[in-house]
Number of protein chains: 2
Amino acid sequence: MGKGAQTRETILDEALRAASRDGLGGLSIAGLADAVGMSKSGLFAHFRSKEQLQLEALQRVADLFVEHVVRPALKSPRGEPRLRTLFDRWLAWDRDAFPGGCVIQAASAEFDDVPGPVRDFLVDTQRDLKDTLGNMVRAGVEHGAFRKDLDVEGFAFELLGLVQAYRHHARLLHDPRAETLARAALERLFNHARA
Amino acid sequence: MGKGAQTRETILDEALRAASRDGLGGLSIAGLADAVGMSKSGLFAHFRSKEQLQLEALQRVADLFVEHVVRPALKSPRGEPRLRTLFDRWLAWDRDAFPGGCVIQAASAEFDDVPGPVRDFLVDTQRDLKDTLGNMVRAGVEHGAFRKDLDVEGFAFELLGLVQAYRHHARLLHDPRAETLARAALERLFNHARA
DNA sequence: TGCATAAACGAACGGTCGTGCTATTATTCG
DNA sequence: CGAATAATAGCACGACCGTTCGTTTATGCA
């Protein structure tokens, strides 16, 4: 890896840390340059615009999410175990991956009404995730772990809601019971899917 | 109502519209002044800082939420009907109240890791809402509509998650089934609470 | 109607931002 | 090693920001 690619990684890592605190829109090239110890123009040269920097930061965090959450789940056995792994990793990701929580989910709320390439990227990413999640649930049905008439999309919808409720309780309210509540709700979801 | 209070209302209304699009942090006094057709300094004089403007905007949207969502629910009969009214009004609020969706929920995601008065206000407001919601559920238990051993906090947790999942699907993904999925999930929640 | 006061304005400030340029330094490779 | 190329720095620009201040205009009450 050349020198350029190396500093790009440094920059993007710092960008994700900053974006998790201040939001993707709060990213500033000046502040970022200061944080990594280089000049504004030197940093700017790596990306040709701020928007490009935002997009590359998003791409990187999406890759990290797949690596830390989705791929481990896909290595677990189909059905409940796979979804449990996904849920576990997802909560841990929201808790530990970045100081300010998941950048993608924060950006999704921030840009859900701001047209442009950033929003487009987010929509694509979230659709992918929704599909992946749907496939996991469907595999559980076809494997016999879940009821034949289970509403796959509904299951995915509720599971996503649990993750979001977890983040809301843990990040904003600092509710120590957030994880317990989320896990209990997941059990309820499984009970309904099996019965 | 004097002239001052009148223009304050105009300003705050426009502020909520802008904040629903660009986030609370994206509020700009200059842009706001332009939107309502007055000078920056004239507008600024009404609030003594940008943070004060943000706080007053939040207070106003919280009042509106109580008026349009919470109060109608409290007028409905205890138990399921009350919670159904709350849910109905809440979805409608997220869909219709502002062009960019609920300002409070967006700000909660935006400021969940930004210490300061704005975050403090959001925490207080969301705690209040959580308590109110918990009381509604508890009233249903005590009224005999729900199981004696129902986890009140868990019910509230899941209901909040449904609203957030609804917003994610409707606002970001433009999923036309968002409302259907949310309502189906609410029925599941009620089924579990009754049985 | 006249006057105290509130409301709004215009200009300016220091600051930060994203973004071009040009020059200089560091890296890579024949 | 030396030349080609990549990476970084320095500097300036125009735009926009929140905020302050002195002035002017509008309001509302005696």
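Look a little higher up for the structure.
Below you will find a few notes about this structure. All of these numbers come straight from a predicted model, not from anything done at the bench.

This part takes up empty space enclosed by the protein. Applying the stated rule across the entire model yields four cavities of 30 Å³ or more. Quantified by volume, the largest cavity comes out at close to 560 Å³. Every residue lining the largest cavity is counted, 37 residues in all, and those nearest its centre are Gln105 and Ala109 of chain A together with Gln105, Ala106 and Ala109 of chain B. If you list the elements that add at least two residues to the lining of the largest cavity, you get helix H1 (3-22), helix H6 (103-110) and helix H8 (152-172) of chain A together with helix H1 (3-22), helix H6 (103-110) and helix H8 (152-172) of chain B. Taken together, the residues of the lining of the largest cavity break down into ten nonpolar, 16 polar and eleven charged.

Now for the relation of the copies chain B and chain A. Of the two same-sequence chains, chain B is brought onto chain A (RMSD 0.0 Å, axial shift 0.0 Å) by a rotation of 180 degrees. Taken together, these values place the two copies in the relation of a two-fold axis. Identified as the residue of chain B closest to the rotation axis by C-alpha distance is Gly161 of chain B, at 2.1 Å. Most of the interface of chain B is mirrored in chain A, where 100% of its interface residues again form contacts.

Time to look at the protein's contact with DNA strand D. In the vicinity of DNA strand D lie 19 residues, with Ser39, Ser41 and His46 of chain A together with Ala30 and Lys50 of chain B positioned nearest. Near-protein atoms of DNA strand D (within 4 Å) split between backbone and bases, with sugar and phosphate holding 60%. One nitrogen or oxygen atom from the side chain of Thr7 of chain A is found 3.3 Å from a phosphate oxygen belonging to DNA strand D. Contacts to DNA strand D include Ser39 of chain A, whose backbone N or O atom sits 2.6 Å from a phosphate oxygen.

Moving on, we come to the protein's contact with DNA strand C. In the vicinity of DNA strand C lie 20 residues, with Ile29 and Lys50 of chain A together with Ser39, Ser41 and His46 of chain B positioned nearest. Here DNA strand C approaches the protein such that, of its atoms within 4 Å, sugar and phosphate make up 62%. Residue Ser39 of chain B places a main-chain N or O atom 2.6 Å away from a phosphate oxygen belonging to DNA strand C. Every element with two or more residues in the surface near DNA strand C is listed here: helix H2 (29-36) and helix H3 (40-44) of chain A together with H1 and helix H3 (40-44) of chain B. Of the residues belonging to the surface near DNA strand C, the class tally is five nonpolar, ten polar and five charged.

Quick look at H1 of chain A now. Residue and element names in this part refer to chain A. An ideal rise of 1.5 Å per residue puts 28 Å on 20 residues; H1 measures up with 28 Å between its terminal C-alpha atoms. Those residues of H1 that sit buried are Ile11, Leu12, Glu14, Ala15, Leu16, Ala18, Ala19 and Ser20. Tucked inside the fold, the buried residues of H1 contact H2, H3, helix H4 (50-75) and H6. Where H1 ends, the next residue or the one after it, Gly23, has phi of about 85 degrees, a positive value.

As a further point, take the interface of chain B and chain A. Contact residues are listed per partner, giving 41 residues for chain B and 42 residues for chain A. With both chains or domains summed, chain B and chain A bury close to 3800 Å², and 59% of this area falls on carbon and sulfur atoms. Of all residues in chain B, the largest losses of buried area upon contact with chain A belong to Phe157, Leu172 and Arg188 of chain B, amounting jointly to 22% of the total for that side. The interface formed by chain B and chain A contains eight salt bridges. Notably, a salt bridge pairs Arg177 of chain A with Glu153 of chain B, separated by 3.0 Å at the nearest N-O pair. Joining chain B to chain A, the criterion identifies 16 residue pairs in polar contact (both at pLDDT 80 or more). Contributions of two or more residues to the side of chain B that touches chain A are made by H6, helix H7 (117-142), H8 and helix H9 (178-194) of chain B. Ranked by residue count, the leading element in the side of chain B that touches chain A is H8 of chain B, at 14 residues. Partitioned by chemical class, the residues of the side of chain B that touches chain A number 16 nonpolar, twelve polar and 13 charged.

On to the environment of Met38 of chain B. Residue and element names in this part refer to chain B. As for its placement among the helices and strands, Met38 is situated in the loop between helix H2 (29-36) and H3. The exposure class of Met38 is partly exposed, given its relative accessible area of 28%. Through-space distance from the C-alpha of Met38 to that of Arg188 is 51 Å; in sequence the pair is 150 residues apart. Excluding residues within four positions of it along the chain, Met38 makes contact with Ile11, Ala33 and Leu43.

Reading the values: the criteria
- Residues numbered from 1 in each chain as written.
- Chains lettered and ligands numbered in written order.
- Predicted model: local features only at pLDDT ≥ 70, side-chain atom pairs only at ≥ 80, totals over all residues.
- Heavy atoms only, no water.
- 1 Å grid on protein atoms, 1.4 Å probe; cavity = no way out; pocket = protein on both sides within 12 Å on 5 of 7 lines; lining within 4 Å.
- Points joined across faces, edges and corners; volume = space filled by probe spheres on them.
- Helix = DSSP H or I, 4+ residues; strand = E, 2+ residues; numbered from the N terminus.
- Nonpolar A, V, L, I, M, F, W, Y, C, P; charged D, E, K, R; others polar.
- Least-squares fit on C-alpha atoms with pLDDT ≥ 70 in both.
- Contact = heavy atoms within 4.5 Å.
- Near = heavy atom within 4 Å.
- Polar contact = N/O pair within 3.5 Å; in protein donor to acceptor, adjacent residues only side chain to side chain.
- Expected span 1.5 Å × (residues − 1).
- Buried < 20%, exposed > 50% of the residue type's maximum accessible area, 1.4 Å probe, protein only.
- Buried area = accessible area lost by both parts, 1.4 Å probe.
- Salt bridge = Lys/Arg side-chain N within 4 Å of Asp/Glu carboxyl O.

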